[in-house]
Amino acid sequence: MALAHVASMRSEDPYRKVGAAALDFDNRVIGTAYNGLAPGFNAPNGFWDDREARQKFMLHAEVNLCSLFRRGEAKIVATTTMPCTACMQTLCAYGIREIYYRETYHKSDAPEIASIYGVRLEQVDFSPFAVEDAR
Ligand SMILES: [Zn+2]
């Protein structure tokens, strides 16, 4: 979750910053990702001003994360916000077994999808810079 948090800080989106990290079956880090624009795309002036207009162009952290591995390679995903319905479907398609998130997203059907597919979906309490976490 610390890696996911740090990844979220890289997001250019001024309104919502989401980060995610993937681990393989040996608990090795495969990679980290955050929500943003497609690689190589430079936002024109004013692009970030209208949240509604740019929303459809934003690639979610989980989708960017899944671009880093093939199906079956990752076991665990940590994400700073509960996956939205589409991202939860994507994570299931990639064979993710466990998903940990920090903030709830009420519009998401992720809990229902996780339950049906037998994926562990769990909220964790994580304060990135708390003294307890540093131990
Ligand atoms: Zn999403």
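Here the residue numbering is sequential within each chain, running from 1 through the sequence in written order. Totals for whole chains, interfaces and linings use all residues, but because this is a predicted model, local features are given only for residues with pLDDT of at least 70 and pairs of side-chain atoms are given and counted only at 80 or more. Think of the side-chain values as coming from all heavy atoms in the structure, minus any hydrogens and water.

S.K.: Any chance you could explain the sheet that holds strand E2 (residues 29-34) here in plain terms?
M.R.: By way of backbone hydrogen bonds, the strands of a sheet pair with one another, either parallel or antiparallel. Here a strand pair is declared whenever DSSP counts at least two bridges between the two strands. Each helix is a run of H or I in the DSSP string that is no shorter than four residues. Each strand is a run of E no shorter than two, and both are numbered from the N terminus. Judged by pairing direction, the sheet is mixed, and its five strands sit side by side in the order E2-E1-E3-E4-E5 without closing on themselves. Only two strands of the sheet have a single partner each, and these edge strands are E2 and strand E5 (120-123). Across the sheet, the mean angle from the axis of one strand to that of its neighbour is 15°, orientation sign disregarded. Bridge analysis of strand E1 (residues 19-24) against E2 gives five bridges, and the strand direction is antiparallel. In the sheet register, Ala-22 faces E2, and the bridge partner there is Gly-31. Helix axes are fitted only over the stretch in contact, all axes being lines through C-alpha atoms; the angle between N-to-C directions runs from 0 to 180 degrees.

S.K.: Looking at this structure, how should I read the pattern of salt bridges?
M.R.: Note on pairing: side chains with opposite charge can pair once their charged atoms come close. Between Lys or Arg on one side and Asp or Glu on the other, a salt bridge is scored when a side-chain nitrogen of the former is within 4 Å of a carboxyl oxygen of the latter. All chains considered together, the criterion is met by seven salt bridges. Between Asp-13 and Arg-54 there is a salt bridge; the shortest N-O distance is 2.8 Å. Remark: Arg-54 occurs in helix H2 (residues 51-54) and Asp-13 occurs in the loop between helix H1 (2-8) and E1; sequence separation between them is 41 residues. Overall, the relative accessible area of 6% leaves Asp-13 in the buried class. Residues Lys-75 and Glu-98 are paired through a salt bridge, measuring 3.7 Å at the closest nitrogen-oxygen approach. Here Lys-75, found in strand E3 (residues 74-81), pairs with Glu-98, found in strand E4 (residues 98-103); they are 23 residues apart in sequence, far enough to count as distant. Exposure categories follow from relative accessible area, calculated using a 1.4 Å probe and restricted to protein chains: below 20% of the type maximum is buried, above 50% is exposed, and the middle band is partly exposed.

S.K.: Just checking my understanding: could you explain helix H5 (residues 110-117) for this structure?
M.R.: What sets the pattern is the α-helix's 3.6 residues per turn: residues three or four places apart point alike. Residues of H5 that are buried: Ala-110, Ile-113 and Ala-114. Each buried residue of H5 lies within a common arc of 100° when the element is viewed along its axis, so the set occupies one face. Along H5, the residues that are exposed and aim more than 90 degrees away from the buried face are Glu-112, Ser-115 and Ile-116. The contact definition used throughout considers only heavy atoms, calling two residues in contact when any of these lie within 4.5 Å. Summarising the contacts, the buried residues of H5 are in contact with helix H4 (85-93) and E5. What the arc covers is the set of directions going from the helix axis to the C-beta atoms.

S.K.: When you look at the packing of H4 against H5 in this model, what are you seeing that I'm missing?
M.R.: Each pair of packed helices can be described by the angle between their axes along with the distance between the axes. One can describe the packing of H4 onto H5 by two numbers: an axis separation of 9 Å at closest approach and a directional angle of 20°. On the basis of their axis angle, the class for H4 and H5 is roughly parallel. Judged by the twist between their axes, the crossing of H4 over H5 is right-handed. Judged by residue contacts, Thr-85, Met-88, Gln-89 and Cys-92 of H4 engage Ala-110, Ile-113, Ala-114 and Tyr-117 from H5. In the scheme used here, Gly and all other residues not listed as nonpolar or charged are polar, with Ala, Val, Leu, Ile, Met, Phe, Trp, Tyr, Cys and Pro taken as nonpolar and Asp, Glu, Lys and Arg as charged. Class assignment for the residues of the contact of H4 with H5 results in six nonpolar, two polar and no charged. Here the angle decides the label: under 35 degrees means roughly parallel, over 145 means roughly antiparallel, 65 to 115 means roughly perpendicular, and every other value means oblique. Left-handed describes a crossing whose near helix is turned anticlockwise from the far helix through less than a right angle; right-handed describes the clockwise counterpart.

S.K.: Just to check I follow, could you spell out the coordination of the zinc ion for this structure?
M.R.: For a metal with four donors in a tetrahedral arrangement, the ideal angle between donors is 109.5 degrees, while six donors in an octahedron ideally sit at 90 or 180 degrees. Note on donors: an N, O or S atom is included if it sits within 2.8 Å of the metal, or within 3.2 Å for Na, K and Ca, and water is never included, so sites can look incomplete. Note on the zinc ion: its protein donors are His-60 (ND1), Cys-84 (SG) and Cys-87 (SG). The metal-donor distances range over 1.9 to 2.3 Å. Written as a sequence motif, the donor arrangement for the zinc ion is H-x23-C-x2-C. One end of the pair, His-60, is in the loop between H2 and helix H3 (61-66); the other, Cys-87, is in helix H4, with 27 residues separating them in the sequence. The class of His-60 is partly exposed, set by a relative accessible area of 36%.

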